[in-house]
Amino acid sequence: GAVVSQHPSRVICKSGTSVKIECRSLDFQATTMFWYRQFPKQSLMLMATSNEGSKATYEQGVEKDKFLINHASLTLSTLTVTSAHPEDSSFYICSARAGRRNEKLFFGSGTQLSVL
Amino acid sequence: ELKVEQNPLFLSMQEGKNYTIYCNYSTTSDRLYWYRQDPGKSLESLFVLLSNGAVKQEGRLMASLDTKARLSTLHITAAVHDLSATYFCAVDMWGTGNQFYFGTGTSLTVIP
């Protein structure tokens, strides 16, 4: 099946710093990528949808200036958590789809962010 | 506001037994997905259900969709320990493939 690579898998940073998470589709072109966050023992919450070459669409309540999403190519989307705070600590997961709406979503391996 | 609720949230069952996980959702949608998540890991796609009455089976798992009742089920047959994981359903809200909303999750533990 299709592979979505997410990096880093784990990051610990100080409060106030910025962290960039990369999501790459390795063997297909992803016209659309999605970013989720998941708190421990909770479900996934959709943060934003990014389409290659255009601005991301953010879900209600998600600060677009804090969570910067860039989908610069058909194989790469990045999520930058700016001026991170401890409450931003979470598991972030990206997913990607090749293009047709009937296709499965493939998920990255996730990034565990811990902000001290 | 779209709600996607799973029942039960926690399930402990013995090997060899059968059980069903339910996924109820509050909006009209004919696209529903089931995923598995192991601790500390990402999600693995299990089933894609794209129409009313859709039924899919893979090994000991079978998923179905009733769009009129806004209900999907994930049935486990003769459970084995390897099935222990958290299972999520997800609804494609607008049918566009662009907005997935995940259920609350069901944490399954299969006891030998």
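Details of the structure are given in the entry above.
Keep in mind the model is a prediction, meaning the values are calculated, not measured.

Draft legend 1. How the structure looks around the nonpolar core. Residue and element names in this part refer to chain B. Core analysis: the biggest nonpolar cluster contains 28 residues, and Leu32, Trp34 and Tyr87 have the highest contact counts within it. At the level of elements, strand 2 (10–14), strand 3 (19–25), strand 4 (32–37), strand 5 (43–49), strand 7 (61–66), strand 8 (71–76), strand 9 (85–92) and strand 11 (106–111) are the ones that each hand at least two residues to this core. When neighbours within four sequence positions are excluded, Leu32 is seen to be in contact with Cys23, Tyr25, Phe47, Val48, Leu49, Leu65, Ser72, Cys89, Ala90 and Val91.

Draft legend 2. Broad picture of the interface of chain B and chain A. Residue-level contacts link 22 residues of chain B with 21 residues of chain A. Counting the surface lost from both chain B and chain A, the interface buries some 1,700 Å², and carbon and sulfur atoms represent 49% of this. Counting every contact that joins chain B to chain A gives zero salt bridges. Counting only elements with at least two residues in the side of chain B that touches chain A, the list comes to strand 4, strand 5 and strand 10 (100–102) of chain B. Classifying every residue of the side of chain B that touches chain A gives nine nonpolar, eleven polar and two charged.

Draft legend 3. View of unusual backbone geometry. That bond from His7 of chain A to Pro8 of chain A is cis: its omega, 0 degrees, falls within 30 degrees of zero. Note on placement: Pro8 of chain A falls in the loop between strand 1 (4–7) and strand 2 (10–13). The omega angle of the peptide bond from Asn7 of chain B to Pro8 of chain B is 0 degrees, so this bond is cis rather than trans. Its location among the elements puts Pro8 of chain B in the loop between strand 1 (4–7) and strand 2.

Draft legend 4. Quick look at the environment of Arg10 of chain A. By the element assignment, Arg10 of chain A lies in strand 2. Each C-alpha atom, one on Arg10 of chain A and one on Leu113 of chain A, is 6.0 Å from the other, the two residues being 103 residues apart in sequence.

Calculation rules
- Counting restarts for each chain: residues are numbered from 1 in the order of the written sequence.
- Each chain gets a letter, beginning with A, and each ligand a number, beginning with 1, in the order they are written.
- Local features in a predicted model are, by the rule used here, given only for residues with pLDDT of at least 70; side-chain atom pairs are given and counted only at 80 or more, and totals for whole chains, interfaces and linings are based on all residues.
- Excluding hydrogens and water, the side-chain values take into account all heavy atoms of the structure.
- Think of a nonpolar core as a cluster: buried Ala, Val, Leu, Ile, Met, Phe, Trp, Tyr and Cys residues, connected wherever their side-chain atoms sit within 4.5 Å.
- We call a residue buried when its accessible area falls under 20% of the maximum for its residue type, exposed when it is over 50%, and partly exposed in between, using a 1.4 Å probe and counting protein chains only.
- A helix here means a DSSP run of H or I that spans at least four residues, while a strand means a run of E at least two residues long, and both kinds are numbered starting from the N terminus.
- Contacts are assigned to residue pairs with any non-hydrogen atoms lying within 4.5 Å of each other.
- Accessible area, probed at 1.4 Å, shrinks when two parts are joined; the buried area is that loss added up over both.
- When a carboxyl oxygen of Asp or Glu lies within 4 Å of a side-chain nitrogen of Lys or Arg, that pair is called a salt bridge.
- The residue classification treats Ala, Val, Leu, Ile, Met, Phe, Trp, Tyr, Cys and Pro as nonpolar and Asp, Glu, Lys and Arg as charged. All others, Gly included, are polar.

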